[in-house]
Amino acid sequence: MAKSKKKKKKQTRELVILIILIFISAGLITAMFTLYAQRKKQAGQSADITIPRRPEETETAPAEVYEIPPETMPEIIAETEAPPDENLLLAEQIMQDMTLEEKIYQMFIVTPEALVDNAVTTVIQTGNMTKQALEDKPVGGIVYFSKNLENETQASTMISDAQAHVQSVNHHIGLWIAVDEEGGTVARVADSLGTTAYEDMAAYGDRNDKDEVFMMGTGIASDISQFGFNLDFAPVADVYIDPNNELQDRIFSDDPAIVSDMVTAMVQGLQDSGQVSATLKHFPGLGAENGNTHEDASAYIERTYEELDTVDFVPFRSGIEAGADFVMVGHQTMSCAEDDLPSDLSKTVITDWLRDNLQFSGIVITDAHNMNTITENYSSGEAALLAFQAGADIVLMPSSLTEAVQTVYDAVENGELSEERINESVRRILTAKAKHHLL
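Each residue is numbered by its place in its chain's sequence as written, counting from 1. Two thresholds apply to this predicted model, a pLDDT of at least 70 for residue-level local features and 80 or more for giving and counting side-chain atom pairs, whereas whole-chain, interface and lining totals are computed over all residues. As a rule here, side-chain values come from all non-hydrogen atoms in the structure, and water together with hydrogens is ignored.

(A) Main features of empty space enclosed by the protein. Cavities and pockets were defined on a 1 Å grid built over protein atoms only: a cavity is a set of grid points that admits a 1.4 Å probe from which the probe cannot escape, a pocket is an open set flanked by protein on both sides within 12 Å along at least five of seven lines, and lining residues are those with an atom within 4 Å of any such point. Grid points are joined across faces, edges and corners, and a volume is the space filled by probe spheres set on the points. In this structure the tally under the stated criterion is 2 cavities of 30 Å³ or more. Each pocket or cavity is described by its volume, and for the largest cavity that value is around 110 Å³. Amino acid classes used here: Ala, Val, Leu, Ile, Met, Phe, Trp, Tyr, Cys and Pro are nonpolar; Asp, Glu, Lys and Arg are charged; the rest, including Gly, are polar. Class assignment of the residues belonging to the lining of the largest cavity gives a composition of 8 nonpolar, 3 polar and 1 charged. By volume, the second largest cavity amounts to about 30 Å³. In terms of lining residues, the second largest cavity is bounded by Glu181, Gly183, Ala187, Ala190, Thr195, Thr196, Tyr198, Ile220, Asp223 and Ile224. Mapped by element, the contributors of at least two residues to the lining of the second largest cavity are strand S4 (181-183) and helix H11 (210-225). A per-class count over the lining of the second largest cavity returns 5 nonpolar, 3 polar and 2 charged. Here a helix means four or more residues in a row that DSSP labels H or I, a strand means two or more in a row labelled E, and each is numbered from the N terminus.

(B) Spotlight on the packing of helix H13 (residues 305-321) against helix H14 (residues 347-357). For every element, the axis is a line fit to its C-alpha atoms; helices are fit only across the contacting stretch, and the angle between N-to-C directions ranges from 0 to 180 degrees. As a packed pair, H13 and H14 sit with axes 11 Å apart at the nearest point and diverge in direction by 50 degrees. One way to sum up the angle between H13 and H14 is to call them oblique. Here H13 runs over H14; the crossing is right-handed. Contact with H13, carried on its side by Tyr305, Leu308, Phe313 and Ile320, involves Trp353, Leu354 and Asn357 of H14 and no other residues of that element. Taken together, the residues of the contact of H13 with H14 break down into 6 nonpolar, 1 polar and no charged. An angle below 35 degrees is read as roughly parallel, one above 145 as roughly antiparallel, one from 65 to 115 as roughly perpendicular, and any other as oblique. Note on convention: near helix rotated counterclockwise from far helix by under a right angle means a left-handed crossing. Clockwise means right-handed. Residue contacts are counted whenever heavy atoms from the two residues lie within 4.5 Å of one another.

(C) Quick peek at the side chain of Asp325. Within the element layout of this structure, Asp325 appears in the loop between H13 and strand S9 (326-329). Only protein chains enter the accessibility calculation, which uses a 1.4 Å probe; a residue whose area is less than 20% of its type maximum is buried, one above 50% is exposed, and one in between is partly exposed. Overall, the relative accessible area of 13% leaves Asp325 in the buried class. Any pair of N or O atoms that falls within 3.5 Å is considered a polar contact. Within protein, one atom must be able to donate a hydrogen and the other to accept it, and sequence-neighbouring residues count only if both atoms are side-chain atoms. In terms of polar contacts, Asp325 uses its side chain to reach the side chain of Ser277, at 2.6 Å. A distance of 3.0 Å separates a polar atom in the side chain of Asp325 from a polar atom in the side chain of Lys435. Beyond its immediate sequence surroundings of up to four residues, Asp325 is in contact with Gln271, Ser277, Ala278, Phe360, Gly362, Ile363, Lys435 and His436.

Here it is as structure tokens:
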């Protein structure tokens, strides 16, 4: 009996101790959770604990609002912005070490003959004369024609030698290696080197098959990039309007919607590999022309802005939305620009229409400045200066590279053209080159 009472007392004592331990543990756990919640709150974060509230508290308690002072908004926005463009940063870094003259040369693409002051009738190799010229006149690029392309080995060697040389001197800036390879009538590489031949663009417009045109674009890019070309002056984005226009079957269609679809597919195909840049041409539209900008002293097109906006601009908008790297502006004078200037010398056309209205942020290049509509009316220097003042980034094939560069250089020195206008274009050019691994 005594033993039984003793055993009962022991069990009671153990039960009391167990209850006390449970209360202590519960208290510690509660304290830990409370401390955790306080620390989360102090860090500006909500605690991972939901404390239920009575219905009346939930309904009547006002929401806690924290207003961000306006002066702190820029800092907060800056913290959430995308990281800086590495290509742009590289371009800016290189520009800091460039002279004004070097920057101006980047704004020209010339033939290999013009580069050596036409001392050679036809350039078919990158010899010592060309290499020295590339050091003295570090142009942005070279455009080759059929006469420069004899066979696959020769073409590849000539281009790779030029590219290798410039990337060993003058800030290691690579070249745009350009060609007119539209397919059909205009196909310098296919005609000279036997790559894939394509029909005229009008045939593709008739079939209106976007997949077919995309495949043509990828095929052309593959064909020309194997030799080192990285810039194609294609596709033609003009709409067939006047039957006397100089482009004829180089145009996809007289229907702007069909031209838009074909241009979009071609741009996407050409740029699909990332090795070739496409060029929309000939802004603001050459399809309503009745003449020839290669041969005539002028090419005047009577057109309202509404007509341009609803017809001629439609394919250019599509090509820009598709990501075309370049837009080529033609020499046609547009009545509604009201400045009596070739389009590639017109600020209305390049800055107001192309940059502002169509929101094109890529590279604007002129059509060739050795064509009659330019040479019959302007010197090389005058034309180049007007083009850059209008907002162009690159002048293609001036009659005299030396005169053009000197005129632009003098204009910056005397305040007629700001160096920031030069920097704006060079920044755009070098950023695009960085994307193509040319820096």
